[in-house]
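Spelled out, the chains give:
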Amino acid sequence: MLLHQRGVWGSQKQQLHRGSQSRGLLSIPRSQRHASCKGLVVQALKSSEVPKPQIMVNSMTGKMGQAVADATRRAGLQLVPYTLCASDVAAASKSMTADGQQIELVGPETRDAVIGAIKEQYPNLIMVDYTVPDVIHSMADFYVKHGTPFVMGTTGGDRMRLLCEVDASNVFAVIAPNMGKQIVAFQAMFEQAAASYPGAFSGYKLRVIESHQSTKKDTSGTAKAVVASLNDLGLNFDVSQIELVREPKQQMEVMRVPESALGGHAFHTYQLVSEDGSVAFEFKHNVVGRATYAEGTVDACLFLAMQMHLAKELDVPGRTLYNMTDVLRAGAMR
Ligand SMILES: NC(=O)C1=CN([C@@H]2O[C@H](COP(=O)(O)OP(=O)(O)OC[C@H]3O[C@@H](n4cnc5c(N)ncnc54)[C@H](OP(=O)(O)O)[C@@H]3O)[C@@H](O)[C@H]2O)C=CC1
Ligand SMILES: O=C(O)C1=N[C@H](C(=O)O)C[C@H](O)C1
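Below is a summary of the structure that appears in this document. Everything numeric here is computed off the predicted structure, so don't read it as measured data. (Residues numbered from 1 in each chain as written. Chains lettered and ligands numbered in written order. Predicted model: local features only at pLDDT ≥ 70, side-chain atom pairs only at ≥ 80, totals over all residues. Heavy atoms only, no water.)

Considering the nonpolar core
Reasoning step 1: Ranked by size, the top nonpolar core spans 45 residues in total, and within it Met60, Val128, Val151, Val174, Met179 and Met324 carry the most contacts.
Reasoning step 2: Per element, the largest residue contribution to this core is eleven residues, and it comes from helix H11 (residues 291-314).
Reasoning step 3: When residues of this core are assigned to domains, at least three map to each of domain 1 (10-180 + 292-330) and domain 2 (181-289).
Reasoning step 4: Leaving out residues up to four positions away in the same chain, methionine 179 has contacts with Tyr130, Val151, Met152, Gly153, Val174, Val184, Thr292, Tyr293, Gly296, Thr297, Ala300 and Met324.
Reasoning step 5: Tyr82, Leu125, Phe142 and Leu321 belong to the second largest nonpolar core, which has 23 residues in total. (Core = buried A, V, L, I, M, F, W, Y, C linked by side-chain atoms within 4.5 Å. Buried < 20%, exposed > 50% of the residue type's maximum accessible area, 1.4 Å probe, protein only. Helix = DSSP H or I, 4+ residues; strand = E, 2+ residues; numbered from the N terminus. Domains from an automatic or database assignment. Contact = heavy atoms within 4.5 Å.)

Focus on the environment of isoleucine 115
Reasoning step 1: Mapped onto the elements of the fold, isoleucine 115 is located in helix H5 (residues 111-121).
Reasoning step 2: Looking at isoleucine 115, the relative accessible area reads 3%, which means it is buried.
Reasoning step 3: Apart from the residues within four sequence positions on either side, isoleucine 115 is in contact with Leu125, Met127, Phe142, His146 and Thr148.

Some details on the site of ligand 2
Reasoning step 1: Taken together, Thr155, Pro177, Asn178, His212, Gln213, Lys216, Ser220, Gly221, Thr222, Ala266, His268 and Tyr293 make up the full set of residues adjacent to ligand 2.
Reasoning step 2: Interatomic distance of 2.7 Å between a side-chain N/O atom of histidine 212 and an oxygen atom of ligand 2.
Reasoning step 3: Here glycine 221 contributes a backbone N or O atom positioned 2.9 Å from an oxygen atom of ligand 2.
Reasoning step 4: For ligand 2, the protein covers 86% of the area, taking 330 Å² as the surface of the free molecule.
Reasoning step 5: With respect to the detected pockets, ligand 2 is housed in the largest pocket.
Reasoning step 6: Put simply, the parts of the chain that give the shell around ligand 2 at least two residues each are helix H9 (221-232) and strand S11 (265-273).
Reasoning step 7: For the shell around ligand 2, the domains that each give at least three residues are domain 1 (10-180 + 292-330) and domain 2 (181-289). (Near = heavy atom within 4 Å. Polar contact = N/O pair within 3.5 Å; in protein donor to acceptor, adjacent residues only side chain to side chain. Areas by Shrake-Rupley, 256 points an atom, 1.4 Å probe, with all protein chains shown as cover. 1 Å grid on protein atoms, 1.4 Å probe; cavity = no way out; pocket = protein on both sides within 12 Å on 5 of 7 lines; lining within 4 Å. Sits in = over half its atoms within 2 Å of the grid points.)

Regarding the sheet that holds strand S5 (residues 101-106)
Reasoning step 1: The strand order across the open sheet formed by three strands is S3-S5-S4, and the pairing between neighbours is mixed. With partners counted over all chains shown, the strands left at the sheet margins are strand S3 (82-84) and strand S4 (96-98), one partner each. Each adjacent strand pair in this sheet contributes to an overall mean axis angle of 40°, direction not counted.
Reasoning step 2: Here three bridges tie S3 to S5, and the two strands are oriented parallel to one another. Of the residues in S5, the one forming a bridge with tyrosine 82 is glutamate 104. (Pairing = 2+ DSSP bridges. Axes fitted to C-alpha atoms, helices over the stretch in contact; angles between N-to-C directions.)

Next comes the structure, spelled out in structure tokens:
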């Protein structure tokens with residue numbers, strides 16, 4: 001259950017709100033605190049008492065890392081001047097600045113030795129992870145080992161293993177293959193349709209085509225997630241059948257990607273056709289650039305800070321692992 005939920009609270013709302021304001025939540029019997037947390041949410045949402053997240057982006061050497069650093073600045077949040085990078089050689093040879101401040105690069109061999117001091121210096125630290133699929137489990141292991149809350153947008157890896165291990169750790173985290181608000185809403189619509197009408201498209205044939213910058217090595221995690229929902233709707237499609245377009249000429253001529261976006265885009269097309277070919281559907285979501293994901297990532301950090309605050313204030317065990325649908329459902333998108 002989400003600690004931070006929206007909904008009609010009826011006549012209880014005023015009483016709860018007064019209760020959480022006047023007597024202090026902890027004076028309310030534990031069994032009633034969950035119900036009272038809604039009053040606290042109303043109170044917390046109206047006050048600046050939720051500690052602002054101090055955001056450390058890993059890796060700021062990458063394209064999404066740079067985009068999130070920019071979005072952090074736009075949101076007026078503190079960017080922690082450290083970033084985990086691919087190697088200690090890179091850490092020793094590269095230097096970078098963000099918004100005029102020197103960023104210290106930390107390699108895999110050094111990170112365990114420095115994380116304690118970083119956590120002490122930045123008590124409201126939230127790590128943002130945009131690294132590469134090959135290291136996603138190593139990164140999650142690091143965050144879990146050191147108990148640092150994190151928002152992970154990196155795709156790939158064994159998603160079930162990742163979610164199970166992070167959930168079992170009780171480290172606060174938001175993990176999602178897509179952090180763009182409207183893309184998440186699109187995904188959620190298919191998830192809800194699959195939950196409400198399982199098998200509704202049985203017998204249909206599916207084609208999935210996705211185009212990304214030529215440097216993207218893995219198959220889109222977003223496309224894989226949508227395919228999972230479509231399969232719950234009755235399709236029988238394996239993610240290995242997803243068609244990847246990575247060649248610029250084809251991207252411009254077939255997928256209609258603007259030339260200016262070849263270096264950073266995500267164009268997805270899903271085609272559904274009935275067995276006899278008499279009924280057809282086509283869905284697309286096309287993104288140019290990375291700003292929408294970066295903004296959603298900052299929203300996820302603010303959401304996670306809220307959840308940690310509520311859990312601490314209420315002193316009751318609640319969920320610690322969330323996805324972007326949770327962020328969207330909580331109305332926690334700026
Ligand atoms: N959830 C979402 O909304 C989105 C998710 N993504 C996903 O995010 C990931 C990153 O995408 P993008 O930024 O475009 O990719 P980039 O390749 O531009 O950035 C990845 C960065 O991670 C660095 N890196 C590699 N290994 C390590 C390591 N062990 N520790 C720390 N850093 C490391 C790389 O360094 P080096 O270059 O030196 O190897 C590189 O700078 C991908 O999985 C992509 O699918 C992307 C956009 C949106
Ligand atoms: O690598 C990217 O750029 C993106 N990766 C994510 C994915 O694999 O779904 C999200 C978006 O497609 C951009």
